[in-house]
Amino acid sequence: QKEVEQDPGPLSVPEGAIVSLNCTYSNSAFQYFMWYRQYSRKGPELLMYTYSSGNKEDGRFTAQVDKSSKYISLFIRDSQPSDSATYLCAMSEDQAGTALIFGKGTTLSVSS
Amino acid sequence: GAGVSQSPSNKVTEKGKDVELRCDPISGHTALYWYRQSLGQGLEFLIYFQGNSAPDKSGLPSDRFSAERTGGSVSTLTIQRTQQEDSAVYLCASSLKGRDRPLNEKLFFGSGTQLSVL
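In this report, we go over the structure that sits alongside the text. Starting from 1, residues in each chain are numbered consecutively following that chain's sequence as written. Written order decides the labels, with chains lettered from A and ligands numbered from 1. Local features in this predicted model are restricted to residues whose pLDDT is 70 or higher, and side-chain atom pairs enter the listing and the counts only when it is 80 or higher, whereas totals over whole chains, interfaces and linings include all residues. Excluding hydrogens and water, the side-chain values take into account all heavy atoms of the structure.

### Notes on the overall build of chain A
Part 1 of the reasoning: Here a strand is any run of E in DSSP of at least two residues, a helix any run of H or I of at least four, and the numbering for each starts at the N terminus. Helices and strands together make up the secondary structure of chain A, namely 0 helices and 11 strands.
Part 2 of the reasoning: In chain A, the succession of α and β elements from N to C terminus is β-β-β-β-β-β-β-β-β-β-β.
Part 3 of the reasoning: The C-alpha radius of gyration computed for chain A amounts to 13 Å, which stays within 12% of the reference 13 Å derived for 112 residues, consistent with globular compactness.
Part 4 of the reasoning: Seen through its principal axes, chain A has C-alpha atoms that stretch 40 × 30 × 25 Å.
Part 5 of the reasoning: Considering only contacts in chain A between residues 6 or more positions apart, those separated by 24 or more positions represent 54%.
Part 6 of the reasoning: Per-residue accessibility takes into account occlusion by the displayed protein chains alone, with areas from the Shrake-Rupley method and a 1.4 Å probe. If you sum the accessible surface of chain A, you get close to 5300 Å²; carbon and sulfur atoms cover 45% of it. When we talk radius of gyration, it's over C-alpha atoms, and the globule rule is simply 2.2 Å times the number of residues to the 0.38. A contact between two residues is defined here by any heavy atoms of the two lying within 4.5 Å.

### Details of the sheet that holds strand β6 (residues 65-69) of chain B
Pairing between sheet strands relies on hydrogen bonds along the backbone, with the strands arranged either parallel or antiparallel.
Residues and elements named next belong to chain B.
Part 1 of the reasoning: At least two bridges found by DSSP between two strands is the condition for calling them paired. The antiparallel open sheet is built from 4 strands, whose spatial order is β1-β3-β7-β6. The open sheet terminates on both sides in strands that have one partner only, identified here as β1 (5-7) and β6. Sheet twist, expressed as the mean angle between neighbouring strand axes with direction ignored, is 15°.
Part 2 of the reasoning: In terms of strand pairing, β6 meets strand β7 (residues 75-79) through 5 bridges, oriented antiparallel. Paired with Arg-69 across the bridge in β7 is Ser-75. Each axis is a line fitted through C-alpha atoms, taken for helices only over the stretch in contact, and angles between the N-to-C directions span 0 to 180 degrees.

### A word on the pairing of strand β5 (residues 45-51) of chain A
When a strand is regular, its side chains alternate between the sheet's two faces.
Residue and element names in this part refer to chain A.
Part 1 of the reasoning: Any residue under 20% of the maximum accessible area for its type is buried, any over 50% is exposed, and the rest in between are partly exposed; the area is computed with a 1.4 Å probe on protein chains only. Counting buried positions along β5 yields 5 of 7 residues, so the element is predominantly enclosed.
Part 2 of the reasoning: Direction of pairing for strand β4 (residues 32-38) relative to β5: antiparallel, over a ladder of 6 bridges. Paired with Arg-37 across the strands is Glu-45, a residue of β5.

### Remarks on the nonpolar core
Considering soluble globular proteins, one finds that nonpolar side chains tend to be buried as a cluster.
Part 1 of the reasoning: Judged by nonpolar contacts, the single largest core of 24 residues is most densely connected at Trp-35, Ile-72, Leu-74, Tyr-87 and Met-91 of chain A.
Part 2 of the reasoning: Contributions of two or more residues to this core are made by β3 (19-25), β4, β5, β7 (61-66), β8 (71-76), β9 (85-92) and β11 (106-111) of chain A. Only buried Ala, Val, Leu, Ile, Met, Phe, Trp, Tyr and Cys residues count toward a nonpolar core, and they belong to the same one when joined by side-chain atoms within 4.5 Å.

### What to know about the sheet that holds strand β1 (residues 4-6) of chain A
Residues and elements named next belong to chain A.
Part 1 of the reasoning: If you trace the 5 strands from one edge of the open sheet to the other, you get β1-β3-β8-β7-β6, paired in antiparallel fashion. The sheet is open, and its two borders are formed by β1 and β6 (54-58), each paired with just one other strand. Strand-to-strand twist across the sheet, computed as the mean angle between neighbouring axes with direction ignored, equals 15°.
Part 2 of the reasoning: Examined bridge by bridge, β7 and β8 share 6 bridges and lie antiparallel to one another. Counted as the bridge partner of Thr-62 is Phe-75 from β8.

### Side note on the environment of Cys-23 of chain A
Residue and element names in this part refer to chain A.
Part 1 of the reasoning: Note that Cys-23 resides in strand β3.
Part 2 of the reasoning: Classification of Cys-23 by relative accessible area gives buried; the value is 1%.
Part 3 of the reasoning: As for Cys-23 and Leu-100, which are separated by 77 residues in sequence, their C-alpha atoms are 14 Å apart.
Part 4 of the reasoning: The contacts of Cys-23, once residues within four sequence positions are left out, are Val-4, Glu-5, Gln-6, Trp-35, Lys-70, Tyr-71, Ile-72 and Cys-89.

### Quick word on the pattern of salt bridges
Residues and elements named next belong to chain B.
Part 1 of the reasoning: We define a salt bridge as a side-chain nitrogen of Lys or Arg found within 4 Å of a carboxyl oxygen belonging to Asp or Glu. Tallying each qualifying case throughout the model produces 6 salt bridges over all chains.
Part 2 of the reasoning: Measuring nitrogen to oxygen at the nearest pair gives 3.1 Å for the salt bridge that ties Arg-36 to Glu-44.
Part 3 of the reasoning: You can call Glu-44 partly exposed: its relative accessible area is 31%.
Part 4 of the reasoning: Taking the shortest distance from any N to any O, the salt bridge between Arg-64 and Asp-86 comes out at 2.8 Å. Remark: Asp-86 occurs in the loop between β7 and β8 (88-95) and Arg-64 occurs in the loop between β5 (43-50) and β6; sequence separation between them is 22 residues.

In structure tokens:
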């Protein structure tokens, strides 16, 4: 079992839909959880960052972490065509510089 | 520019040749990472530099891969005797170690080098 599992999709939704993206993981030592967005032919950019369990909201984006279930989610409300990209979850054990472990990414397409 | 710069953006090489990929991190960023992204795969960690500490090379897939970071700034990833399975996008990222926030809170990625080994 890989450390981080993420459904690659593709996921296609109409504009305005609520999108749910998810990752599961096996390493209970992970404490820092991130979501990156990657447009075609570009490097990933950080969207959301969460420490330990709980929710975090930023505009149309909400990140949730459930450490008991080893499950994290990213919700996108009122999705826009500009949200079409690949979304990668990432996580790490500590803040001391341990490299992030990434999921494979989910490709999202939002149609107008 | 203000972002992470990688060169070349595309590299086509023949099997068995050596290649060098360059990364210019954001000025002042102390941490530098190399990742590899293959088609349908997530980002695979290769190597990590932090300040003057010994690099974390635990992700390098074989001894054909090596990396240097000169003067705490520019980094070069070298792949010797390239193989077809080395074909991938090689991404570099840098981050700033903030005093009151986690080191890896925000990685800034370059656009990557697309390596194709024929």
